[in-house]
Amino acid sequence: YYSCFHLVTASLLQMGHKPKTHAGVKNMFGQHLINSGKLDKSWSPLYSTLMDRRHESDYSDFFVISDEEMNDLLAETKLFRQALIDNLNDKQIQG
């Protein structure tokens, strides 16, 4: 989650937006990166899931995730991170 959170935050900062909370990053992610078409809409549910799992693991007394779900999330997260990095690099070239 945190690697994606920081990449999303960097993308938003690069666009001139300054989110102050995790929820703010999530909302601005949807508004400025997904709804604007800068990133594919398919990434939105993944980011929500990552945020939910982070919240559950931090604040639940017991948190269990299956090996299958963890492996699926890791594979998807690698692709998502690359999409975010590509978006940042495109902005640097254009900006």
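Since the model is a prediction, treat every value here as computed from it, not as a measurement.

### So, the overall build of the protein
- For the protein, the helix and strand inventory stands at 4 helices and 0 strands.
- Starting at the N terminus and walking to the C terminus, you meet the elements of the protein as α-α-α-α.
- Here the C-alpha atoms of the protein give a radius of gyration of 14 Å, agreeing with the 12 Å that 2.2 N^0.38 yields for 95 residues.
- Counting only C-alpha atoms, the protein reaches 45 × 25 × 20 Å along its principal axes.
- The buried share of the protein, taken over its 95 residues, is 32%.
- Here the contacts in the protein between residues at least 6 apart in sequence split such that 55% fall between residues at least 24 apart.

### Observations concerning the pattern of salt bridges
- For the coordinates displayed, the defined rule picks out 3 salt bridges.
- Put simply, Glu69 and Arg53 hold a salt bridge, and the shortest N to O gap is 2.8 Å. Placement of the pair is Glu69 in helix 4 (residues 67–94) and Arg53 in helix 3 (residues 43–59), with a sequence separation of 16 residues.
- Judged by relative accessible area, which is 25%, Glu69 ranks as partly exposed.
- Looking at Arg53, the relative accessible area reads 24%, which means it is partly exposed.
- Between Arg54 and Asp58 there is a salt bridge, with the nearest N and O atoms lying 3.2 Å from each other.

### What about the packing of aromatic side chains?
- Applying the stated criterion to the full structure yields 8 aromatic pairs.
- Between Phe29 and Phe80, the ring centres sit 5.9 Å apart and the planes meet at 75°, which makes this aromatic pair edge-to-face. Placement of Phe29 in helix 2 (residues 22–34) and of Phe80 in helix 4 is noted, with a sequence separation of 51 residues between them.
- With relative accessibility at 2%, the residue Phe29 sits in the buried group.
- Among the aromatic residues, those joined into a cluster by ring pairs are Tyr1, Tyr2, Phe5, Phe29, Trp43, Tyr47 and Phe80.

### Some remarks on helix 3
- Across its 17 residues, helix 3 extends 24 Å between first and last C-alpha, which sits within 8% of the 24 Å expected from 1.5 Å per residue.
- The set of residues buried in helix 3 consists of Trp43, Leu46, Tyr47, Leu50, Met51 and Arg54. Down the axis of helix 3, the smallest arc covering the buried residues is 135°, so these residues share one side.

### Looking at the nonpolar core
- Counting residues in each nonpolar core, the largest one holds 21 residues, and the members touching the most others are Val8, Phe29, Leu39, Trp43, Tyr47 and Phe80.
- Where this core is concerned, the elements lending two or more residues are helix 1 (2–14), helix 2, helix 3 and helix 4.
- In contact with Phe29, not counting residues within four places along its chain, are Val8, Leu12, Ile34, Leu39, Trp43, Ser44, Tyr47 and Phe80.

The rules behind the values
Residues numbered from 1 in each chain as written. Predicted model: local features only at pLDDT ≥ 70, side-chain atom pairs only at ≥ 80, totals over all residues. Heavy atoms only, no water. Helix = DSSP H or I, 4+ residues; strand = E, 2+ residues; numbered from the N terminus. Rg over C-alpha atoms; globule rule 2.2 N^0.38 Å. Buried < 20%, exposed > 50% of the residue type's maximum accessible area, 1.4 Å probe, protein only. Contact = heavy atoms within 4.5 Å. Salt bridge = Lys/Arg side-chain N within 4 Å of Asp/Glu carboxyl O. Phe/Tyr/Trp six-rings, centres within 6.5 Å; stacked < 30°, edge-to-face > 60°. Expected span 1.5 Å × (residues − 1). Arc of directions from axis to C-beta. Core = buried A, V, L, I, M, F, W, Y, C linked by side-chain atoms within 4.5 Å.

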